[in-house]
Amino acid sequence: MIQLIRGFKDILPGEIETWQVVEKTAASLFEDFGFKEIRIPIMERTEVFARSIGEDTDIVEKEMYTFPDRKGELITLRPEATASIVRSYIQHKMYASDPVQKFYTIGPMFRRERPQKGRYRQFYQINVEIFGVASPLADVELIFLLATLCSRLGIEDVKAHINSLGCPACRPDYRQALAKYLAEVDDKLCADCRRRRTRNPLRVLDCKVPSCREAMADAPSILDYLCDDCRVDFDTVKDFLDKLKVAYVIDKRLVRGLDYYARTTFEMQTGVLGAQSAVAGGGRYDGLVKLLGGPDQPATGFAIGLDRLAEIVGSQQAAPVKKPPVYVAALGEKGQHEAFQWICRFGMEGINVEMDFGSRSLKAQMKRADRLGAAYVLIVGENELSQGSAILRNMATKEQVEIPIDNIVNRVKEIISNRG
Ligand code: AMP
């Protein structure tokens, strides 16, 4: 038997309904806030990600699915969506008509991480990005959207964690203070962090290894190094989150390792997922559009881990099960040919009707109708046909009525809609 690739998974009926609820709820919320859907390819030239995510990150160093295509060009299955959306914003000169553009997209990402619960090699994200707005109110809007989405999905145990990363004016001072601290605790750090210490010191702050967490307990906080502009910016974010009654905690460990990230960064965390507590992460990445060859436009955005969000929603409420309102039990070839045309017409009317394509007994067909949860069964056999009628059985009350087959789709439609 051929099995799927390790770290990949099928999302089957029974589970997909929850995903659809999450996706629809998110899309309709984002549309209400003026975001437009964008669909970008799942593959890009490798440099799109190498340049934007950064050569020194785990993603680019060891997690990307990169391979030469048949002409030898290096292409990569996208490990995240932001870089592609920025590439698209620049390529189509979307900033020319209006630098302010708001997008969302939903789709699969690929990272060759160690598979474990909540971590897959193909996973799904919902991305939201705002281009062209430097105001911290754009960051507030994003955090507010995330909180609203969680509440619409009935997720209570979730909180925004926020931090500021400063800007190119104030971060170098902080980086220096951090480097000094890291040198002092070097012997307590894990091997990865010792390497990161010089190449990407900020990332040591969010290392999950317990000994590193302990060693970093007294590390200097970036919030003590913010310049006046960054301080006002962060105060505005907190002030408006308070005004909008969004619960948050300030988390000085929350960082992004790359230079183009600036100011507000945030994560939505929950206690219900065990180790993988982040359901969404985001922040301001003002330098990225320029870095990828576009104009100097600010930008901010987030990525929701859809697998994790669907897992939480699925564990809280049963997935809605779709049942066909009507099942046609057709007997004999004539009955089946008639029934098949009816189910096509029912489908066109927006009513799902199932039938049996074999030549099974009425009893077997009734059993299947029951298993599918059909509210009505429309019985049609040679006898009924010769009399120009069919029998409609209400499965709950067991009541049966005779219905003329002339215009039957509309007649049945009326009966089931009267039932409410
Ligand atoms: P990131 O793009 O790394 O900031 O991740 C954003 C969100 O995507 C995280 O908060 C997770 O919920 C989700 N995520 C990231 N990596 C994975 C993965 N390998 N499997 C499942 N979800 C993931």
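Here, every reference points to the structure presented above.
About the cut-offs
Residues numbered from 1 in each chain as written. Predicted model: local features only at pLDDT ≥ 70, side-chain atom pairs only at ≥ 80, totals over all residues. Heavy atoms only, no water. Helix = DSSP H or I, 4+ residues; strand = E, 2+ residues; numbered from the N terminus. Rg over C-alpha atoms; globule rule 2.2 N^0.38 Å. Buried < 20%, exposed > 50% of the residue type's maximum accessible area, 1.4 Å probe, protein only. Pairing = 2+ DSSP bridges. Contact = heavy atoms within 4.5 Å. Core = buried A, V, L, I, M, F, W, Y, C linked by side-chain atoms within 4.5 Å. Near = heavy atom within 4 Å. Polar contact = N/O pair within 3.5 Å; in protein donor to acceptor, adjacent residues only side chain to side chain. Areas by Shrake-Rupley, 256 points an atom, 1.4 Å probe, with all protein chains shown as cover.

Student: Explain the overall build of the protein to me, and be specific about the residues and the numbers.
Tutor: A tally of regular secondary structure across the protein gives 16 helices and 16 strands. What you see for the protein is a C-alpha radius of gyration of 28 Å, clearly larger than the 22 Å of a compact globule of 420 residues, by over 25%. Taking the principal axes of its C-alpha atoms as reference, the protein extends roughly 90 × 50 × 45 Å. When the 420 residues of the protein are sorted by exposure, 50% land in the buried category.

Student: Which residues make up the pairing of strand S11 (residues 299-305), and what values go with them?
Tutor: Most of S11 is tucked away: 7 of the 7 residues are buried. The side-chain alternation of S11 yields two buried faces, one formed by Ala299, Gly301, Ala303 and Gly305 and the other by Thr300, Phe302 and Ile304. Looking at chain direction, strand S6 (residues 122-131) and S11 are connected through 7 bridges and run antiparallel. Following the sheet pairing, Ile130 is matched in S11 by Thr300. Here 5 bridges tie strand S10 (residues 278-284) to S11, and the two strands are oriented antiparallel to one another. When the sheet's bridge partners are listed, Gly282 is paired in S11 with Phe302.

Student: Help me get a handle on helix H2 (residues 46-53), residues and values and all.
Tutor: Most of H2 is tucked away, with 6 of its 8 residues classed as buried. Listing the buried residues of H2 in full gives Thr46, Val48, Phe49, Ala50, Ser52 and Ile53. Residues of H2 that are buried make contact with strand S2 (43-45), helix H3 (58-63), strand S3 (65-68), strand S4 (74-77), helix H4 (82-91) and helix H11 (288-291).

Student: Residue-level account of the nonpolar core, with values.
Tutor: Across soluble globular proteins, you tend to see nonpolar side chains buried next to one another. Membership of the largest hydrophobic core comes to 86 residues, with the highest contact counts inside it found for Phe30, Phe131, Leu189, Met216, Phe302 and Ile304. Ranked by residues supplied to this core, first place goes to helix H6 (residues 136-152) with 8 residues. Excluding anything up to four places from it in sequence, Leu189 contacts Leu182, Arg194, Arg197, Val204, Cys212, Ala215 and Met216.

Student: Can you explain unusual backbone geometry? Please cite residues and give values.
Tutor: In this model, Lys93 sits at a positive phi of 45°, which is unusual for a non-glycine residue. Mapped onto the fold, Lys93 is located in the loop between H4 and helix H5 (94-97). Even without being glycine, Lys398 reaches a positive phi, approximately 65°. By the secondary structure assignment, Lys398 is in the loop between strand S15 (389-394) and strand S16 (400-404).

Student: How would you sum up the site of the ligand? Please name residues and give values.
Tutor: Around the ligand, the structure places 14 residues, and the nearest of them are Arg111, Glu113, Tyr120, Gln125 and Ala278. At 2.7 Å, a side-chain N or O of Glu113 approaches a nitrogen atom of the ligand. Ala278 is positioned such that a nitrogen or oxygen atom in its backbone is 2.9 Å from an oxygen atom of the ligand. In isolation the ligand offers 490 Å² of accessible surface; the protein chains occlude 86% of this area. Among the secondary structure elements, those contributing two or more residues to the shell around the ligand are S6, S10 and S11. Of the residues forming the shell around the ligand, the biggest block, 3 residues, is contributed by S10.

These figures come from the coordinates and say nothing about function on their own.
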